[in-house]
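Close look at the chain arrangement
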Amino acid sequence: MAVITDSTAGLSEGQLAGIGVVPLTVTVGGRSGVEGVDVTPADVARALGERRISVVTSRPSPTELSAAYRAALDDGAEAVVAIHLSSRLSGTYSSAVAASKEFGAGVVSVVDSGSTAMGLGFPVRAAAAVALDGGDATAVRARRRGRGPPDDDPFLR
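In short, a report on the structure. Residue numbering note: each chain is counted from 1, following its sequence as written. In keeping with the model being predicted, local features are shown solely for residues with a pLDDT of at least 70 and side-chain atom pairs are shown and tallied solely at 80 or more, while totals for entire chains, interfaces and linings include all residues. Excluded from the side-chain calculations are hydrogens and water; all other atoms, namely the structure's heavy atoms, are used.

Brief notes about helix 2 (residues 62-74)
- The first and last C-alpha atoms of helix 2 sit 18 Å apart over 13 residues, in line with the 18 Å expected at 1.5 Å per residue.
- For helix 2, the full list of buried residues reads L65, S66, Y69, A72 and L73. Along helix 2, the residues classed as buried sweep out an arc of 120° about the axis, all on the same side. Exposed residues on helix 2 whose side chains face more than 90 degrees from its buried face are T63 and D74.
- Check the buried side of helix 2 and you find it contacts strand 1 (2-6), strand 2 (19-22), strand 6 (80-84), helix 3 (92-100) and strand 7 (108-112). Runs of E in the DSSP output that reach at least two residues are strands. Runs of H or I that reach at least four are helices, and both are numbered from the N terminus. One fewer than the residue count of a helix, multiplied by 1.5 Å, yields its expected span. Relative accessibility decides the category of a residue: with a 1.4 Å probe and only protein chains considered, values under 20% of the type maximum give buried, values over 50% give exposed, and everything between is partly exposed. Throughout, the arc means that of the directions going from the helix axis to the C-beta atoms. Between two residues, a contact is recorded if the distance between any of their heavy atoms is within 4.5 Å.

Have a look at this one:
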């Protein structure tokens with residue numbers, strides 16, 4: 001079982017156990033790059049603080065998402081639960097649904113988180129914990145609905 005999300009989940013390297021991340025493209029003041037690689041959160045914060053510099057995101061393409069799902073399956077996952085940025089905020093969810101159609105029924109389940117940042121990150125981490133414990137897609141989707149920080153997060157006790 002694999003859990004995949006997008007870069008808007010706000011997860012640090014130390015929080016990525018069992019989680020695959022597909023980056024969005026971010027354009028800051030006309031310069032485009034991969035979120036978290038070419039464009040850092042500090043770049044975005046600085047641009048937003050100056051208010052004169054535009055910040056725009058672009059959703060991953062269905063091809064990029066499909067490649068991430070395929071990589072997880074090729075690495076041995078029997079299924080993928082893809083939990084993405086709110087469909088009210090981005091086209092990422094639509095791209096994920098389109099990508100999921102490349103696979104057989106039930107192989108890739110796409111979930112609209114209804115949120116972003118840690119409102120997405122907490123449920124993704126909770127779902128990954130279930131997957132790492134051997135849970136199937138149904139159990140992973142059910143835990144994701146629990147929202148809020150995972151019970152085992154030492155920073156949030």
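Regarding the sheet that holds strand 4 (residues 31-34)
- The antiparallel open sheet is built from three strands, whose spatial order is 4-3-5. Among the strands making up the open sheet, the edge pair consists of strand 4 and strand 5 (55-58). Taken pair by pair, the neighbouring strands of this sheet meet at an average axis angle of 25°, ignoring direction.
- Two elements, strand 3 (residues 25-28) and strand 4, share four bridges in a ladder whose sense is antiparallel. Within strand 4, the residue paired with T27 across the bridge is S32.
- In this description, a line fitted to the C-alpha atoms serves as the axis of each element, helices being fitted only across the stretch in contact, and the angle between N-to-C directions of two axes falls anywhere from 0 to 180 degrees. Packing of helix 1 (residues 41-50) onto the sheet brings it into contact with strand 3, strand 4 and strand 5, and relative to strand 3 it is tilted by some 40°. We treat two strands as partners when DSSP finds at least two bridges between them.

A short note on the packing of helix 2 against helix 3
- Helix 3 packs onto helix 2 with a crossing angle of 60° between their chain directions and a minimal axis gap of 8 Å. Of the possible angle classes, the one that applies to helix 2 and helix 3 is oblique. Classified by chirality, the crossing of helix 3 by helix 2 is right-handed. For the pair formed by helix 2 and helix 3, the contact residues are P62, L65, S66 and Y69 on the first element and T92, S95, A96, A98, A99 and S100 on the second.
- Split by residue class, the contact of helix 2 with helix 3 holds six nonpolar, four polar and no charged. An angle below 35 degrees is treated as roughly parallel, one above 145 as roughly antiparallel, one from 65 to 115 as roughly perpendicular, and anything else as oblique. Crossing handedness follows the turn of the near helix against the far one: under a right angle anticlockwise gives a left-handed crossing, and clockwise gives a right-handed one. Residues were grouped as follows: Ala, Val, Leu, Ile, Met, Phe, Trp, Tyr, Cys and Pro as nonpolar; Asp, Glu, Lys and Arg as charged; and all remaining residues, including Gly, as polar.

Considering the sheet that holds strand 1
- The sheet built from four strands is open, its strands ordered 2-1-6-7 with parallel pairing. Bordering the open sheet on either side are strand 2 and strand 7, each of which pairs with just one other strand. On average, each strand axis in the sheet is inclined to that of its neighbour by 25°, with strand direction left out of account.
- Here three bridges tie strand 1 to strand 6, and the two strands are oriented parallel to one another.

Here's the deal with the pairing of strand 3
- If you look at the hairpin formed by strand 3 and strand 4, you'll find two residues sitting between the two strands, and G29 has a positive phi there, around 55°.
- Here strand 3 runs beside strand 5; their pairing, made up of four bridges, is antiparallel. Paired with V28 across the two strands is V55, which belongs to strand 5.

Topic: the pattern of salt bridges
- Only one rule defines a salt bridge in this text: a Lys or Arg side-chain nitrogen within 4 Å of an Asp or Glu carboxyl oxygen. Scanning all chains against the criterion turns up two salt bridges.
- Notably, a salt bridge pairs R31 with D43, separated by 3.7 Å at the nearest N-O pair. Of the two residues, R31 sits in strand 4 while D43 sits in helix 1, which places them twelve residues apart along the sequence.
- You can call R31 partly exposed: its relative accessible area is 45%.
- Classification of D43 as buried rests on a relative accessible area of 17%.
- Several salt bridges converge on common partners, so that one network encompasses R31, D43 and R46.

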